[in-house]
Amino acid sequence: MRARTNRPGTRLPATVTAARMVVERRVFAGCLPIAGMARLRPSLADDGGEACFELEFGQGELGDRELRVRVKAAVNLQCQRTLETFEHQVEVDTRLGLIDNEQQEAGLPEDVEPLLLDDGLLRPAAVIEDELLLALPLVPVKPGSRLPEFESGEAAADAADEKENPFAVLGRLKQNK
């Protein structure tokens, strides 16, 4: 059976029946605006751009139901070292095992991540957004940025020695009694 691909310009359905998509070997491809991804937006410096995707439903080597997710996007992040905005390229290529309950997870191949379905239904846009969120760096750092210059430990200790100890006043008061 040949895979069915959506025609260009057709919208991504809000929900799909996973089993039906696997049997039909459906492929969805297109682009979604980043601005429409409410959970992703707070992690970004702005919500410009779009995420281009390909979702391919099928059966894995062991007969399990799988979804191959490919996503490419250029997102703007704020560097946590310099606080500058920079463009970060995100590329995702992963296989998800479509499971109805947690017990089915044990039957998935090692290189397949589980995706727990909600009564057999799947929200394709949510899957794309989830994969983008997982692909973002935990602490965004602009490539080539440098750490700020700090005083070495010895120089900082010498400077601290030069300052008068705040408890020295108490010591002098005690001596004057």
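Remember, it's a predicted structure, so these values are computed and weren't measured experimentally.

K.L.:
Help me out: how do you make sense of the overall build of the protein chain in this one?
P.N.:
Looking only at helices and strands, the protein chain features four helices and eight strands. Its helices and strands in sequence order give the protein chain the pattern β-β-α-β-β-β-β-β-β-α-α-α, from N to C terminus. Every one of the 177 residues in the protein chain was classed for burial, and the buried ones make up 32%. Surface summary for the protein chain: the accessible area is close to 12000 Å², and the carbon and sulfur share equals 50%.

K.L.:
What am I meant to see in the nonpolar core here?
P.N.:
The nonpolar side chains of a soluble globular protein tend to be buried with one another. The biggest cluster of nonpolar side chains holds 34 residues, and the ones touching the most others in it are Phe57, Leu67, Leu98, Leu122, Ile128 and Leu132. The set of elements that each furnish at least two residues to this core consists of helix 1 (18-24), strand 3 (26-33), strand 4 (50-59), strand 5 (65-78), strand 6 (85-99) and helix 2 (124-135). Counting residues per element, this core draws most heavily on strand 5, at six residues. Those residues in contact with Ile128 that sit more than four places away from it in its chain are Leu12, Leu32, Met37, Phe53, Leu55 and Val71.

K.L.:
Just to check I follow, could you spell out the environment of Leu132 for this structure?
P.N.:
Its place among the elements puts Leu132 in helix 2. Judged by its relative accessible area of 1%, Leu132 falls in the buried class. A sequence separation of 95 residues divides Leu132 from Met37, and the C-alpha atoms of the two residues are 9.9 Å apart. Excluding anything up to four places from it in sequence, Leu132 contacts Ile34, Met37, Leu40, Ala51, Val71, Ala73 and Val90.

K.L.:
Explain the side chain of Glu66 here, please?
P.N.:
Within the fold, Glu66 resides in strand 5. Here the side chain of Glu66 touches Arg95 through a polar contact of 3.0 Å, side chain to side chain. Excluding residues that lie within four positions of it along the chain, Glu66 makes contacts with Val22, Glu56, Phe57, Gly58, Gly60, Arg95, Leu96, Leu98, Pro109 and Val112.

K.L.:
How should I be thinking about the pairing of strand 5 in this particular structure?
P.N.:
As a general feature of sheets, a regular strand has side chains that alternate between the two faces. One ladder, built from nine bridges, connects strand 4 with strand 5; its direction is antiparallel. Across the sheet, Glu54 pairs through a bridge with Arg70, a residue of strand 5. Hairpin connection from strand 4 to strand 5: five residues lie between these consecutive antiparallel strands, with Gly63 at a positive phi of about 85°. Examined bridge by bridge, strand 5 and strand 6 share 13 bridges and lie antiparallel to one another. Across the sheet, residue Leu77 finds its bridge partner in strand 6, namely Phe86.

K.L.:
Where do I start with a nonpolar patch on the surface in this structure?
P.N.:
A cluster of nonpolar residues, Phe167, Val169, Leu170 and Leu173, forms a patch on the protein surface that exposes about 420 Å² of accessible area. For Val169, the position within the fold is in helix 4 (residues 168-175). The partly exposed category is assigned to Val169, whose relative accessible area is 41%.

What counts, and where the lines are drawn
Residues numbered from 1 in each chain as written. Predicted model: local features only at pLDDT ≥ 70, side-chain atom pairs only at ≥ 80, totals over all residues. Heavy atoms only, no water. Helix = DSSP H or I, 4+ residues; strand = E, 2+ residues; numbered from the N terminus. Buried < 20%, exposed > 50% of the residue type's maximum accessible area, 1.4 Å probe, protein only. Areas by Shrake-Rupley, 256 points an atom, 1.4 Å probe, with all protein chains shown as cover. Core = buried A, V, L, I, M, F, W, Y, C linked by side-chain atoms within 4.5 Å. Contact = heavy atoms within 4.5 Å. Polar contact = N/O pair within 3.5 Å; in protein donor to acceptor, adjacent residues only side chain to side chain. Pairing = 2+ DSSP bridges. Patch = residues over 30% accessible without salt bridge, like charges linked within 9 Å, V, L, I, M, F, W, Y side chains within 5 Å. Salt bridge = Lys/Arg side-chain N within 4 Å of Asp/Glu carboxyl O.

Remember, this is a structural readout, not a statement about activity or role.
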